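# Fold and contact review
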Amino acid sequence: MSNRVLFFDTTLRDGEQSPGATMNLQEKLRIAYQLEVLGVDIMEAGFPASSQGDFESVQRIARQAKSIQVAGLCRCMDSDIDRCWEAVKDARNPRIHTFLSTSPLHMKYKLRKDPEVVLQMIEAGVRRCAGYTDNVEFSAEDASRSERDFLCRVVETAIRAGATTINLPDTVGYAQPQEFADLIRYVIENTPNSDKAIFSVHCHNDLGLAVANTLAALSVGARQAEVTISGIGERAGNAALEELAMALRVRKDYYGLEHGIVTEQLYPSCRLLSMTIGQPIPNNKAIVGANAFAHESGIHQDGMLKNRETYEIMTPQSVGRNESNLVIGKHSGRNAVRNKFESLGYSLDDDQLQIVFEAVKALADRKKTLLDDDLMALVQEEVYRMPDLYRLRHVSVQSSDAGGVPPTAAVLMDVDGMEKSGAGFGVGPVDAIFNVINDMLGREPQLEQYAVNAVTGGTDALGEVTVRLREGEFSAVGRGAHPDILVATARAYVNALNHLAKKEKEGERLHCQHS
Ligand code: KIV
Ligand code: ZN
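Reading guide: rules and limits
- Residues numbered from 1 in each chain as written.
- Chains lettered and ligands numbered in written order.
- Predicted model: local features only at pLDDT ≥ 70, side-chain atom pairs only at ≥ 80, totals over all residues.
- Heavy atoms only, no water.
- Helix = DSSP H or I, 4+ residues; strand = E, 2+ residues; numbered from the N terminus.
- Buried < 20%, exposed > 50% of the residue type's maximum accessible area, 1.4 Å probe, protein only.
- Contact = heavy atoms within 4.5 Å.
- Salt bridge = Lys/Arg side-chain N within 4 Å of Asp/Glu carboxyl O.
- Domains from an automatic or database assignment.
- Buried area = accessible area lost by both parts, 1.4 Å probe.
- UniProt positions renumbered as here; feature names shortened; annotations may be inferred.
- Polar contact = N/O pair within 3.5 Å; in protein donor to acceptor, adjacent residues only side chain to side chain.

### Points about the side chain of serine 475
- Relative to the assigned elements, serine 475 resides in strand 14 (residues 474-482).
- Taking relative accessible area as the criterion, serine 475 reaches 17% and is therefore assigned buried.
- Setting aside its immediate chain neighbours within four residues, serine 475 contacts Glu448, Leu469, Arg470, Leu500 and Lys503.

### Some remarks on the pattern of salt bridges
- Taken as a whole and judged by the stated rule, the model has 34 salt bridges.
- Here aspartate 350 ties to arginine 338 by a salt bridge, and the two come within 3.2 Å at their closest N and O atoms. Here arginine 338 lies in helix 13 (residues 334-343) and aspartate 350 lies in helix 14 (residues 350-366), a separation of twelve residues in the sequence.
- One network of salt bridges, in which partners are shared, links Arg13, Asp14 and Glu44.

### Points about the domain arrangement of the chain
- Looking at the chain, the domain boundaries give domain 1 (6-272), domain 2 (324-385) and domain 3 (390-513).
- The straight-line distance from the C-alpha centre of domain 2 to that of domain 3 is 25 Å.
- Each partner contributes residues to the interface: domain 2 has twelve residues there, and domain 3 has 13 residues.
- Roughly 1,000 Å² of surface becomes buried between domain 2 and domain 3 when both sides are summed, with 53% attributable to carbon and sulfur atoms.

### A short note on the UniProt feature "binding site: Mn(2+)" (unreviewed entry) in the chain
- Here the UniProt-annotated "binding site: Mn(2+)" (unreviewed entry) positions come out as Asp14, His202, His204 and Asn238. In three dimensions, the annotated residues from a span of 225 residues occupy one location, with a maximal C-alpha spread of 10.3 Å.
- Relative to the helices and strands, aspartate 14 is located in the loop between strand 1 (6-9) and helix 1 (25-38).
- Here aspartate 14 falls in the buried class, since its relative accessible area comes to 2%.
- Mapped onto the elements, asparagine 238 comes out in the loop between strand 8 (224-227) and helix 9 (241-250).
- When residues no more than four places from it in sequence are discounted, the contact partners of asparagine 238 are Thr10, Asp14, His202, Cys203, His204, Asn205, Ala210, Thr228, Gly231, Ile232 and Gly233.
- Within the structure, asparagine 238 has its side chain in polar contact with the side chain of aspartate 14 (distance 3.4 Å).

### Overview of unusual backbone geometry
- Look at serine 230: it is not a glycine, yet its phi comes out positive at around 60°.
- Residue placement: serine 230 occurs in the loop between strand 8 and helix 9.
- Its relative accessible area of 22% is what places serine 230 among the partly exposed residues.
- Unusually for a residue other than glycine, aspartate 416 sits at a positive phi of about 50°.
- With respect to the helices and strands, aspartate 416 occurs in the loop between strand 10 (408-415) and strand 11 (418-425).
- Judged by its relative accessible area of 60%, aspartate 416 is exposed.

Okay, structure coming up:
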């Protein structure tokens, strides 16, 4: 058996299903590009039958991809499978990933189908996929709560029908490492044609065991791991790519397994995702959190000075956390800026470079040294925003602690191409900004979350604001970055309103399609 583990990344599908992680097309294309740079083997770009937007983004990603395999997810039904193939077929290396539930609970209550009917559906669905391509993955949803011998029949059927990868997910994050390893081993050993497929696992993190369960499965023969950047995903998320990649690298002596992840790209990838979805990386997050390499206690510091290995099992450089020596500031030329962005993984065309160059100069007027994180926040802000329905042009805010003089905000915006302005008051400056924008747009979303984070250290750091809004059945997250946190606040608010508007439009369209 090969000792090479395939990394299957589902940040753009399962990850995007996590609350607030919705991305626009430009953002998805950027993440997809980064996944190639990171050395991922297969990326799941989306669920094409779920919406027109998802179909289009999977198709664009498939066409952009170079050598990475591009998978689309589909239920085990003809219309989903056909739509999926239509979306991925232009990739150099397309994959159809189809799934059906196999646990007694799911078959009875979700599918309302007998096990024998489920087997027939798997046979027919996988066969249809195999008619399009020989790169077919079948997932037995809720495998960890399925009956072992039935699971073996499921796997045998799927392989016979043409599946070349068999994924056994711990869909609800219920399994325990030893128990999960036993299940995977059992299925491999008791399915007659198991040697004809690669076994994969997809573990959720409801009990905090997603990475542990994945490692346990790899140690008994699974050779594909389904992961997401920073572990984002449904509910508590999926196995974190960066944790799995580093566990396999740092403990190669124990697992004896290889992979193709370029670990120096781990931190840039997590940081990119964090900025894209507006969710800061927690300080104590393994591998990429701010404290992951910080040594606070005197005893530890003393040990580190004598020999780093006393308290450090991997170097910050090995996960891409190195300060680069190419410093960008006020006097940097266009070429230096282009090179810098290339070194951060952004290849900009001339128009994008011009936009970014001007923004770099404007930021450098306020801040002496621009750090990598400042630059990444800036390019996200200036280049990867969706073509907006609402666009903020200017905001001016007056704070006040004088009784009788409330904080005020004045805002200038483009609304669907038309210029609009407004001014008003609030209990505080943030409230004033939101009130003015709401009045101008005739909207009344509820603010569910508001957070400010300094992108880098120092009082001149770029402020990154995240807001989560809810209006009716839809909720959306927005992000904005600027050295002035009130400007960042207004940007984040408008960004969230754009996401809300997009969701409402998508929702309406689906409604029309189904009525
Ligand atoms: O969690 C799960 O079971 C899934 C499958 C669709 C692979 O996401
Ligand atoms: Zn999942």
